[in-house]
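Per-entry structural report
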Amino acid sequence: MKKASKVFTVLMFAFLFAPIAILLLFSFNEARSLSVFSGFSLKWYRELFRDTETLKTVRNTLVLAVCAAGISTVMGTAAAVGIHRMRNKYLRSALDMVTNIPMIDPDIITGISMMLMFVFVSRLLGLANSLSFATLLIAHITFCLPYVILQVLPKLRQMDASLPEAAMDLGCTPWGAFWKVELPELMPAIVTGMIMAFTLSLDDFVISYFTTGTGFQTLPIRIYNMTKKTVTPDMYALATLIFFVILALLLLSNLTDREDSQRIRAARKARRAAKGRPPMSPRRQRALYTAGGALVLAALTASLIFAVTETDDKPQVLNVYNWGEYISDGSEGTMDVVAEFERWYQRQYGRPVQVNYTTFASNEDMYAKLSSGAVSYDVIIPSDYMIARMISEDMLLPLDLANIPNAQYISEDFQGLYYDPEGVYSVPYAYGIVGIIYNANVVDPADAGTWDLLWNEKYAGQILQFNNSRDAFGTAMYRAGLDVNTTDRAVWDDALDSLMEQRGVVRSYVMDEVYNMMEAGEAAVAPYYAGDYFTMLDAQAPTVDLRFYYPDPTNFYIDAMCIPACCQNKTLAETFINFMLSAGPAIANAEYTYYASPNTLVYEDPDYIDEMGPEAMEILYPGWDDFARQYNAYAYRNLDAETLDYINTLWETLKIN
Amino acid sequence: MNDRSRRRSLVTGVTSAPYQLWAVLFILVPLAFVAYYAFTDNAFHFTTANIARFFTATSPVTDAGGSPVQVRTYMVIAWRSVKLAVIATAVCLLLGYPLAYIISRAPAKVQKTMMTLIMIPMWMNFLIRTYAWMTILQDTGILNNLLAALHLRRVHIIGTQTAVIIGMVYDYLPYMILPLYSIMAKMDHRLIEAARDLGCAPAGVLRRVILPLSMPGVVNGVTMVLIPSISTFYISQKLGDGMFFLLGDAIEGQYVAGNLHFAAAIAFILMVALLAAMALMRRLTGKYTYGGAAA
Amino acid sequence: MAKKIIELKNITKSFDGQVVLDDICLDIYDNEFLTLLGPSGCGKTTLLRLIGGFETPDAGDILFLGQRINDLPPHKRNVNTVFQRYALFPHLSVFENVAFALRERKAPREEIEARVEEMLSMVALTGFENRSVTRLSGGQQQRVAIARALVGRPRVLLLDEPLAALDLKLRKDMQQELKKIQKATGVTFVFVTHDQEEALSMSDTIVVISEGRIQQIGASTDVYNEPKNAFVADFIGESNIVDGVMLADRSVSFSGHTFDCVDGGFERNEPVDVVVRPEDVDIVPEDKGMLRGVVTSVTFMGVHYEVIVDIGGFKWMIQTTDFVDVDERIGLYIEPDAIHIMKKSEYSGLYGDYASFSNEFDELSDAESEAEE
């Protein structure tokens, strides 16, 4: 290799591995930050192994990838053989074309198309739970199949057509000839196809995002949904582990496996010949088959077991749908609330219960899945305006408060709120108020105090804004004293003008990226929720001094526990809600999320007050005496579809500028 | 038809039948649903309004001179998506082509190792990889700290078009290298010697022999990079600071907003456009093959 | 008379509406070396594949020892094939390739080892057992293919242009060796080739095929000396074929001259094809010749010269050891027994004129037809 090409190669590999090196490094970081390395620690690895929900999604991802790769390999190989032998030219070229479609279609189209079909069919047949492991598996098999076929088919075409004939000539049945001669020849292509299928399935996010359903979540979706708090570093630990496992596997396969490249194979054969070992004895051949067969069998059994455990679950199943990172999950010595519930239930009722806990990234995301009618959940935790919308669309069931005695501990401030005036459909879980976070090392505290800080040209290029139409428009409307729930388009146009004016000073439109940017000092001003300020405070860089204030007026929001109409076990769901309101879990959740709790068992608990400290208590619980009035005046309400569509259009206008 | 050829066609039918059924049920029918949703309203009555909206919806923007003008919203988004995807694809080709060539000329053992190394990043979750790029590229990120340590000028990349392109190039580069490598590894090196023998300078060999021979790999690679780049929505959100609204963002946004029919319409138009582009590319390059991306 | 092993009765076969074999009738006898000879695309390989069981006839019957085997699949036929490019299993060693048929029959290990060794020693490949077949030379691969096909002791061995891929020297050696193996094993060989020299030197019986029909069946010498029509005459050996008229028994007129000949049984004044082999023409001074002409080209071939002579616009080829010059006017003398008379056929007029003859073209087209197959 010439020097120039050597340098180029090294640079390219540096480029390819740079982010992986970062992940590797920061997986050992003591702090939560991905930008500031504060010390070596194995903490995130411990966290990872304690995080049962994440481990479950890892298992799900692997099961899905193994099943998808196994089934698509068997079906794809059979299909390739069939297509290869096909005499009918038209059928063959038609199949060729169809095979190319999933490769030409972007993932997002494949995902949407499958989702539309599954949803439509499930509505037609009245199936409640049609989006599930099965649909995900179907989708994955579908996009894996072409890769297998397009690996095997050229190999078949290259293969000397007289090879199987020679085998038959020597006494093999056609079936025997396929197994003994054609298959070993195709094996490298099949294995390559299978590895590709496995890789694609493992890494897929987009298609899974659209086709996933009740109770089965894969790792990429879990990561995507970590919007309430941002991606946790145990994900880096996980990525690092995956990296080393793969490295080990590849090294191992390099030592034992047959290679694909013709040239390497020839060289290897020459070496074997020199050693006087046959290239492949029947035993070796059998071993290869056994390995391949074992993998396929494993895939089939895994999918079978999965199907069985999915449908034939003896313990009762509770499907909970919540925001990502919105429950105490056992990390850093906290309570694993979901596991605790399962244990508590077993103790209390002497029967097992299995909680399928899945997450969503936004209210709209959750609504899209639920309104499709293709999923089935027992407990959901949406925000206020979404609750109002769902009540109006008969998507929620009234709660039987007799089953939720702990609801009595909810503060009286939370009664008579607009979204559920009678308090029959929901029990508040957490609430928050939008405030402004700023870096006092950059921002002059004299400029703070109002919404104007977000428009202040002094800090141009350092200001963050919500990457979400309703919240972004909200900041502009509160600033101008406009009604955030108006249906008057002219008012929204005014708000757009204000956002357009702001665009020049905005650094980024962000959701959970806000954590990283504020902690690292990448940006100096951001509107976000009070609780999140404390999360950031924990991880701020030494050069950063974060402060917080409430502009007036501002947004109040409440997330509340509800039971959707598709609930399969209402009593169990109510038992779960009641459990979540009891002191232990409620305090654990409040401490984990840093959000304010409406539960008196929490905010009047001395240990909790002590743990949070006076500053946090003051910010989280500002103690408005007329909470309900303020809330009803300023919280977001459900808007009609036309207005929402109009806002969406305005949002796109802002984005294309 | 006699017994045995009947049996043979039966075998053919049986082995490919599951796939044929699968292809119809899960490839063709879903696409039909995209078309169906694209051409219907919420009550499933036929309408072309969704399609028309894509082409006619306008938004006020401020032009370079600061005066407001009306532009076609989705044309602007589509144009931006195409532009970024084409640039990303071109960069992938420029980087991937020489790398694939270098690898294909390396000793057999090195080839295998290098291709493995190229595959490895694909096994790490792409969301996490993209996230990692965020921390590398941001103003206080690793790259800028490195530059500062070397007493060089800091660069502002995050949130720019460059960042989005870097993200796309990073995520999809292996899809360019794999098909290119697989075709170059198969190339008969005597052809290169023959060209040299006939008086071709190295540049001429590249232009007149290697390039035409590797054309199917180029077509494959370009297809496999262009398509995901044009429809991504995660990369633009994370690395573009939310400033770059692409077709993928538009589809996802409409889906989340509950406008399934308009989301389907955008998807439908994108699909038709891509099919047309592929057909055009096939015509321009003569021969084409998909897949064949061997590791 | 030896026993009939295979009988083909009125076999017809077409692909995509194109007739490849047309009413073929052929008996193959025990212990004979039979060659199917014809240009590429004549249907000889298809005929072989029918016997091997890889194709089924559209009409007609294939009998094996008197039993109809039309629908018997290949693995149930006591017939083995040496494939054109050998079709050795690349994932198996030499030993395993040869042992394939025995393993298929689940023969005991000792027997497999003994028989494989026997076969390998027969083809002189002892010691190559553990080699990968992809690391063998063309000749060695050829021998493995033969050993593999013979190990199961078939009654008939089918060989589909097995020597086509070998270079000339190796091909000559293998021809000898094949003949030897055939004699040693007593297996009936059905050999497909487009190389007439190969066919002449190896075969007991030659079947000349053209355009899906058998043109002639006979021993090598018969086919050479008594070609049935212009196609056979031209395809086997070199021939000058001219139009003639049979004046009476043993008297034929062509090229403006009346010749004595040895053939008879034609009608008076029947138009016929006259074949004269180039080596049977003597060059004499112009005034002593039965025919006169001008030499247009002379090529030195080693043992002889190949001379092209223009006689009234028809170009004759003559092989002679005497040297003549281009543009020299010469006379030709032909003995009566050198003149072979054939009935007119559809091939009349298509062959036998050396007007466009060129050695290079000949070789070129040979190479091409090899590549095609």
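Residues numbered from 1 in each chain as written. Chains lettered and ligands numbered in written order. Predicted model: local features only at pLDDT ≥ 70, side-chain atom pairs only at ≥ 80, totals over all residues.

Here we take up unusual backbone geometry. Cis peptide bonds are those with omega within 30 degrees of zero, and the linkage from A:Asp552 to A:Pro553 qualifies with -5°. As for its placement among the helices and strands, A:Pro553 is situated in the loop between strand 8 (546-549) and strand 9 (556-562). For C:Asn31, which is not a glycine, the phi torsion comes out positive at approximately 70°. By secondary structure assignment, the location of C:Asn31 is in the loop between strand 2 (18-29) and strand 3 (33-37). A positive phi angle, close to 50°, is found at C:Leu65, a residue other than glycine. Relative to the assigned elements, C:Leu65 resides in the loop between strand 4 (59-64) and strand 5 (67-68). C-beta crowding within 10 Å serves as the criterion here: with 13 such atoms nearby, C:Leu65 is assigned to the partly exposed category. (Helix = DSSP H or I, 4+ residues; strand = E, 2+ residues; numbered from the N terminus. Buried ≥ 20, exposed ≤ 12 C-beta atoms within 10 Å, placed from the backbone.)

What follows concerns the sheet that holds strand 11 (residues 240-248) of chain C. All names here are of chain C. Strand order in this open sheet of five strands is 13-12-11-14-20, and the pairing throughout is antiparallel. Both edges of this open sheet fall to strand 13 (257-260) and strand 20 (339-343), since each of them pairs with a single strand only. Between one strand axis and the next, the sheet turns through 40° on average, direction left out of account. (Pairing = 2+ DSSP bridges. Axes fitted to C-alpha atoms, helices over the stretch in contact; angles between N-to-C directions.)

Here we come to the interface of chain A and chain C. Across the contact, 24 residues belong to chain A and 28 residues belong to chain C. At the level of secondary structure, the elements contributing two or more residues to the side of chain A that touches chain C comprise helix 7 (162-169), helix 8 (174-203) and helix 12 (262-275) of chain A. Tallied by class, residues from the side of chain A that touches chain C come to 14 nonpolar, four polar and six charged. (Contact = placed C-beta atoms within 7 Å. Nonpolar A, V, L, I, M, F, W, Y, C, P; charged D, E, K, R; others polar.)

Turning our eyes to something else, we now look at helix 19 (residues 513-520) of chain A. Residues and elements named next belong to chain A. With eight of its eight residues buried, helix 19 lies for the most part within the structure. Every buried residue of helix 19 is accounted for by Glu-513, Val-514, Tyr-515, Asn-516, Met-517, Met-518, Glu-519 and Ala-520. Of the residues flanking the end of helix 19, it is Gly-521, one or two places downstream, whose phi is positive at about 80°.

Moving on, we get to the pairing of strand 9 (residues 205-210) of chain C. All names here are of chain C. When you tally the buried positions in strand 9, you get six out of six residues, the bulk of the element. With burial as the criterion, each face of strand 9 is covered, one bearing Thr-205, Val-207 and Ile-209 and the other bearing Ile-206, Val-208 and Ser-210. Bridge count for strand 3 against strand 9 is four bridges, and the pairing is parallel. Residue pairing across strands places Leu-34 opposite Thr-205, the latter belonging to strand 9. Bridge count between strand 9 and strand 10 (residues 213-218): five bridges; the pairing is antiparallel. Bridging from a neighbouring strand, Ser-210 pairs with Arg-213 of strand 10. The hairpin formed by strand 9 and strand 10 contains two residues between the paired strands, and Glu-211 there has a positive phi angle of roughly 50°.

Where interface size is quoted, it is often the accessible area lost as the parts come together. Each partner contributes to the interface: chain A provides 96 residues, whereas chain B provides 93 residues. Per element, the largest residue contribution to the side of chain A that touches chain B is 11 residues, and it comes from helix 1 (residues 3-26) of chain A. The class makeup of the residues in the side of chain A that touches chain B is 60 nonpolar, 20 polar and 16 charged.

Below, the discussion takes up the environment of A:Asn319. All names here are of chain A. Relative to the elements of secondary structure, Asn-319 occurs in strand 1 (residues 316-323). C-alpha of Asn-319 to C-alpha of Ser-376: the two residues are 57 residues apart in sequence and 7.5 Å apart in space. The residues contacting Asn-319, other than those within four sequence positions of it, are Thr-214, Gly-215, Asn-356, Ser-376, Tyr-377 and Asp-378.

A few words now on the packing of helix 7 (residues 161-186) of chain B against helix 10 (residues 215-231) of chain B. Residue and element names in this part refer to chain B. Packing of helix 7 against helix 10 leaves a shortest axis separation of 8 Å and a crossing angle of 160°. In terms of orientation, helix 7 lies roughly antiparallel with respect to helix 10. Regarding helix 7 and helix 10, the two cross each other, and that crossing is right-handed. Side by side, helix 7 and helix 10 meet where Met-168, Tyr-172, Tyr-175, Met-176, Pro-179, Leu-180, Ser-182, Ile-183 and Met-184 of the first sit next to Pro-216, Gly-217, Val-218, Asn-220, Gly-221, Met-224, Val-225, Pro-228 and Ser-229 of the second. Class assignment of the residues belonging to the contact of helix 7 with helix 10 gives a composition of 13 nonpolar, five polar and no charged. (Parallel < 35°, antiparallel > 145°, perpendicular 65-115°, else oblique. Left-handed = near helix turned anticlockwise from the far one by under 90°.)

A few words on the confidence of the model for chain B. Residues and elements named next belong to chain B. Across chain B, the average pLDDT comes to 83, with 92% of residues at or above 70. When pLDDT is averaged over each helix and strand of chain B, the minimum, 72, is found for helix 8 (residues 189-197) and the maximum, 92, for helix 3 (residues 73-105). For residues 287-295, every residue scores under 50 in pLDDT, and the model assigns this stretch 36 contacts once sequence neighbours within four places are set aside. Across the predicted assembly, pTM comes out at 0.78 and ipTM at 0.87. (pLDDT = per-residue confidence, 0-100.)

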